[in-house]
Amino acid sequence: MTATEPEPRADGAPSEVWRRAEAAFDRWLADDPDGLSDLVATMTPVLWQVVRAYGLPADLAEDVVQSTWMALVRRRSAIVDSAAVGGWLTVTARREAWRTAKAVTRDHLSETDEMEVHLPTQRSAESAVVEADGSRRLWEAVDALPERCRRLLRVVAYDHRPDYAALSADLGMPVGSIGPTRGRCLAKLRVALIEAGEV
Amino acid sequence: MSEMSREHLLQVVREVYDERDPVPAGLVERMQAAVAAEVAGVGLDLELMLLVEGERAFESVRTAGPETGSTAAYTLRFVLGEVELLVRVAPGDQARIDGWMVPPEPMTVRAVVGDGPARGTVVGESGRFEFTDLPAGLVRLRFEPHDPARPTFATPTFEI
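Residues numbered from 1 in each chain as written. Chains lettered and ligands numbered in written order. Predicted model: local features only at pLDDT ≥ 70, side-chain atom pairs only at ≥ 80, totals over all residues. Heavy atoms only, no water.

Undergrad: Let's hear about the overall build of chain B: which residues, and what values?
TA: A count of helical and extended segments in chain B gives three helices and 11 strands. Along the chain direction, N to C, the helices and strands of chain B fall in the order α-α-β-β-α-β-β-β-β-β-β-β-β-β. For chain B, buried positions account for 41% of its 160 residues. In chain B, 50% of the contacts between residues at least 6 apart in sequence involve partners at least 24 apart. Carbon and sulfur atoms make up 53% of the accessible area of chain B, which totals about 8,000 Å². (Helix = DSSP H or I, 4+ residues; strand = E, 2+ residues; numbered from the N terminus. Buried < 20%, exposed > 50% of the residue type's maximum accessible area, 1.4 Å probe, protein only. Contact = heavy atoms within 4.5 Å. Areas by Shrake-Rupley, 256 points an atom, 1.4 Å probe, with all protein chains shown as cover.)

Undergrad: Which residues make up the sheet that holds strand β4 (residues 83–90) of chain B, and what are the values?
TA: Residue and element names in this part refer to chain B. One open sheet accounts for five strands, arranged β2-β3-β4-β5-β8; its pairing is antiparallel. For this open sheet the edge positions go to β2 (50–53) and β8 (128–134), each flanked by a neighbour on one side alone. Adjacent strand axes in the sheet meet at a mean angle of 25° when their direction is disregarded. (Pairing = 2+ DSSP bridges. Axes fitted to C-alpha atoms, helices over the stretch in contact; angles between N-to-C directions.)

Undergrad: Run through the packing of helix α2 (residues 33–52) of chain A against helix α4 (residues 85–103) of chain A, naming residues and quoting values.
TA: All names here are of chain A. The N-to-C vectors of α2 and α4 enclose an angle of 35°; their axes lie 10 Å apart at closest approach. The two elements α2 and α4 meet at a crossing, and its hand is right-handed. Residues Leu-39, Met-43, Val-46, Leu-47, Val-50 and Val-51 of α2 pack against Val-85, Gly-86, Leu-89, Thr-90, Ala-93, Arg-94 and Ala-97 of α4. Partitioned by chemical class, the residues of the contact of α2 with α4 number 10 nonpolar, two polar and one charged. (Left-handed = near helix turned anticlockwise from the far one by under 90°. Nonpolar A, V, L, I, M, F, W, Y, C, P; charged D, E, K, R; others polar.)

Undergrad: I'd like a description of the packing of aromatic side chains, backed by residues and values.
TA: Taken as a whole and judged by the stated rule, the model has six aromatic pairs over all chains. Pairing Phe-78 of chain B with Phe-158 of chain B gives two aromatic rings, centres 5.9 Å apart and planes at 35°, and the pair type is tilted. Placement of the pair is Phe-78 of chain B in strand β3 (residues 74–80) and Phe-158 of chain B in strand β11 (residues 158–159), with a sequence separation of 80 residues. Comparing Phe-78 of chain B with Phe-158 of chain B shows no difference in burial state: the two are buried. Each ring, one from Phe-129 of chain B and one from Phe-143 of chain B, has its centre 5.7 Å from the other, and the planes form 70°; the classification is edge-to-face. A residue pair is termed long-range when its members are at least 10 positions apart, and Phe-129 of chain B in strand β8 and Phe-143 of chain B in strand β9 (residues 138–145) qualify at 14 residues. In this structure Phe-143 of chain B comes out as buried when scored by relative accessible area, which is 0%. For Arg-20 of chain B, the ring lying beneath its charged end belongs to Trp-139 of chain A, and the centroid distance is 5.8 Å. (Phe/Tyr/Trp six-rings, centres within 6.5 Å; stacked < 30°, edge-to-face > 60°. Lys NZ or Arg CZ within 6 Å of the ring centre and 35° of its normal.)

As structure tokens, then:
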């Protein structure tokens, strides 16, 4: 660990998010309706990121997130161990996102991709120059990754100990290639960050 | 690549996407409203089982238990419509519950212990289930049939 490397923020780390989701789910099981509200507040931002990794436009992504929550209400009995609630939600969201992404036309998806590439430049013009410069370098480093790297890293970054077998089905990648691909993608990102002077 | 730097890189990925594609304004609130409507729609109100046998044992354990350190096992019987539940409790600091549901039905059963974490297991084909190493205190059993058309039901709270 170098001096420039900060501790991961505890509140955003998946292990911490998963712990909060488990506690909220337990409170719901104990008949506290706020438990369910807190679970939704805790996990919706994660589900958004996971679903958007599939390149879905905002309206479809929102539909997928909502159907994930509906599935939780109807099929909560499938979550026998409360600690599994975070993983159950992300797997359900990925599965639905994958199905939806395959169903929509390729044209639609490529338009979305193009829009995202232009986003950083527009945003940075609106932000404070120095800060925007740092963010833009990070964005460019991530953007420079191949598409399959971006999707894989975005999905695993928000997940806590993702299950490779489930990932394989939801990413359309052989199960044996996920670990090595993740390693290569992280190495590429590291190089890009070093070149950008961020590490 | 060390574990630390992998965590750091994944944190960078999260920072990038949190900033460039944040969860849309109002999405959390819309999802909370949708979930609340769904809960109201499917009627998640717990149906409560009725204790029909073992009340005396229940009372005596409650009053005599702490003083005498009694760990005598006892049996409770609950009913809800056609469903009957027998529960055998071995109280103590590592309490044990053996349950038997008639008729058997695929369902998840949870031991909800006070404010602590819930423990879950699945009712077997025989209708039997068990929990071990439960902390002493108040507990209620909550049953979620795997058939989503069937309502969730629960026992009243009892002491183990």
